[in-house]
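Reading the structure
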Amino acid sequence: KSKACRHLPNPPSPKPRLPFIGHLHLLDQPLLHQSLFRLSQRYGPLYSLYFGSMPTVVASTPELFKIFLQTHEASFFNTRFQTSAMKRLTYDNSVATVPFGPYWKFIRKLIMNDLLNATTVNKLRPLRSQEIRKVLKVMAQSAEARKPLNITEELLKWTNNTISMMMLGEAEEIRDIAREVLKIFGEYSLTDFIWPLKMLKIGNYEQRTEEIFNKFDPIIEKVIKKRQEIRKKRKERNGELEEGERSVVFLDTLLEFAEDETMEIQISKEQIKGLVVDFFSAGTDSTAVATDWALSELINNPRVLEKAREEVESVVGKDRLVDETDIQNLHYIRAIVKETFRMHPPLTVVNRKCVAECEVNGYLIPEGASVFMNIWAVGRDPKYWDKPLEFRPERFLDTTTTTGGETGQIDLRGQHFQLLPFGSGRRMCPGVNLAAAGMATLLASVIQCFDLQVVDPQGKILKGSNAKVSMEERPGLTVPRAHSLICVPVVRTSVPVTLLSS
Ligand code: HEM
């Protein structure tokens, strides 16, 4: 311990701590955020746990989030926790977990300035619009056949295709394997927490990771090679895009950086592949899951749906489909997006690692400890939100004050510590604008075009107050609804069908 911290205790910790498993036996709920919440009611807003041999500190208030993410940002800057599958399948180069240092700075700058900056993202708007049209078309087909549609599955395809198209300029070949990668990222292996098991390599987790890697790697190699060819030909045409050729996608930019010998850091092929997996894992499941929660809340809250519909009709009208550029004028839809993130953050626990011991609220946070910030618990805490279990987007439009401040002013940019679905500070999610705009556009488009009729497991349409969907959660890479959203879409009479098939 450093001199200043020598006398300080660690945050309170449950007893006993067992050999090898530490406190894993206390995580008695299948959902981590719920176990952590339950323990916080007993041990307070700041307590410590051992995940196997990994020391962990759990925080459960916005005031503590601010201390960790802002006041002491430099001490909690580093790598988040990652499983062995994540390490292997991101080529040990995940930007989300790479330690703070020259490579992280370089790649983070590249992401912010060259990939996810407003100009590039705007240029790729036609690609995103096309992917939303595809979802609407599938819904329209299902409506015509009066057949139930697994909307959860369509949303996952939508985000997977969108990210893939923006990143690689194609989606066909990589789609299925990308889904497999995400699936194994969603499982965490006990062996990742308990070192004796790690040595024994219990279970077939490691073997499956290897199998997925061996399928993924040749596909991404092929995609890169294809893109190199396209770039070569484009160079021969002095940068001109060929008729029908897609815009410059993220991979083009990354390859250009890799070839540029004047760069301070020469990005390697392994690092490019790692970033591709990073974007798939960070951007697809999370956006699809959040949109699924939003649609489910709209089904269960017809008042909110009606109000959203009135807004879409007054801003967009009935003669054209919603476009991403409409979102700036759709205030209520944007409030629905925020309200969804408050109640259902896809990443329920924001995670950092302590790189330099420090004092927080009179306790010592030791170097090497993981910090788990339970943002899910704060989103539902009556201390910070008025009637937190009610889905009421209006809270983000009015200026009614709660203990947390004026909720009407709260945004998603990590400055309001009671709402942190995208984290905060220099390691905050760089995809926040892309994700929030994509979600809002998809929601507004579905609201404009369809009524979603809920069906029971036998496929029978439910009516009136029975037409509700379950809000149960299940564990995963992010936290999705426990059951797929299955509905029969019905085209609204006000929408010219020709718009949907064009
Ligand atoms: C609803 C959708 C999304 C949610 C809820 C979400 C949430 C998050 C959160 C909570 C973090 C950690 C932030 C922190 O520790 O302060 C993060 C990091 C990250 N996200 Fe997202 N994200 C979403 C979409 C996206 C998209 C679409 C992309 C890219 C296209 C993306 C790329 C990343 C990357 C690269 C990081 C790591 C940043 C770093 O460590 O420097 N995310 N995201």
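Let me sum up the structure you'll find in this document. Bear in mind that the values here come from a model prediction, so they are computed numbers and not experimental data. (Residues numbered from 1 in each chain as written. Predicted model: local features only at pLDDT ≥ 70, side-chain atom pairs only at ≥ 80, totals over all residues. Heavy atoms only, no water.)

1. Let's talk about the coordination of the iron atom of the ligand
Heads up, the rule is: Only nitrogen, oxygen and sulfur atoms within 2.8 Å of the metal, or 3.2 Å for Na, K and Ca, are treated as donors, and water is left out, so sites may look incomplete. The helix count covers DSSP runs of H or I at least four residues long, the strand count covers runs of E at least two residues long, and both are numbered beginning at the N terminus.
In this structure the iron atom of the ligand is ligated by exactly one protein donor, C429 (SG), at 2.3 Å. The residue C429 is located in the loop between strand 9 (405-406) and helix 17 (432-449) in this model.

2. Points about the layout of surface pockets
Spelled out, the test is: Points on a 1 Å grid over protein atoms alone make up a cavity when a 1.4 Å probe fits among them but cannot get out, and a pocket when they form an open set with protein on both sides within 12 Å along at least five of seven lines; lining residues each have an atom within 4 Å of a point. Grid points are joined across faces, edges and corners, and a volume is the space filled by probe spheres set on the points. In this classification, the charged set is Asp, Glu, Lys and Arg, the nonpolar set is Ala, Val, Leu, Ile, Met, Phe, Trp, Tyr, Cys and Pro, and all remaining amino acids, among them Gly, are polar.
The computed volume of the second largest pocket comes to approximately 770 Å³. Lining the second largest pocket are 30 residues, and of these R413, N433, L434, A436 and A437 lie nearest its centre. Sorting the residues of the lining of the second largest pocket by element identifies helix 4 (102-115), helix 5 (118-123), helix 6 (125-145), helix 15 (331-343) and helix 17 as the ones contributing at least two each. A total of six residues in the lining of the second largest pocket trace back to one element, the largest contributor, which is helix 17. Grouping the amino acids of the lining of the second largest pocket by side-chain chemistry returns 15 nonpolar, seven polar and eight charged.

3. Focus on the environment of A356
The criterion, for reference: The rule is simple: take the accessible area with a 1.4 Å probe, protein chains only, and divide by the maximum for that residue type; under 20% is buried, over 50% is exposed, in between is partly exposed. Residues are treated as being in contact if the distance between any of their heavy atoms lies within 4.5 Å.
Position of A356 among the secondary structure elements: in the loop between strand 4 (349-353) and strand 5 (358-360). Judged by relative accessible area, A356 falls into the partly exposed class, the value being 33%. As for A356 and H72, which are separated by 284 residues in sequence, their C-alpha atoms are 9.6 Å apart. Dropping the residues within four chain positions of it, A356 is found in contact with S75 and E367.

4. Looking at the pattern of salt bridges
What counts here: The term salt bridge refers to a pairing of a side-chain nitrogen on Lys or Arg with a carboxyl oxygen on Asp or Glu at a separation within 4 Å.
For the structure on display, the rule yields 31 salt bridges. With a shortest N-O distance of 2.6 Å, E187 and R208 are connected by a salt bridge. Of this pair, E187 sits in the loop between helix 8 (175-186) and helix 9 (195-200) while R208 sits in helix 10 (residues 205-236); the two residues are 21 residues apart in sequence, bridging distant segments of the chain. Between E221 and K269 there is a salt bridge, with the nearest N and O atoms lying 2.9 Å from each other. Highlighted residues: E221 in helix 10 and K269 in helix 12 (residues 269-283), separated in sequence by 48 residues.

5. Quick word on the sheet that holds strand 7 (residues 370-374)
We count it as follows: Any two strands with at least two DSSP bridges between them are considered paired. Fitting a line to C-alpha atoms yields each axis, with helices limited to the stretch in contact; the angle taken between N-to-C directions then spans 0 to 180 degrees.
In spatial order, the strands read 1-2-7-4; together these four strands make up an open sheet with mixed pairing. The open sheet has two free edges, formed respectively by strand 1 (46-51) and strand 4, since each of these has just one partner strand. Strand-to-strand, the axes of this sheet are offset by a mean angle of 25 degrees, without reference to chain direction. Set on the sheet, helix 1 (residues 32-43) makes contact with strand 1, strand 2 (54-59), strand 4 and strand 7; between it and strand 1 the angle comes to about 130 degrees. The strands touched by helix 2 (residues 62-71) are strand 1, strand 2, strand 4 and strand 7; relative to strand 7, the strand with the most contacts, the crossing angle is about 140 degrees.

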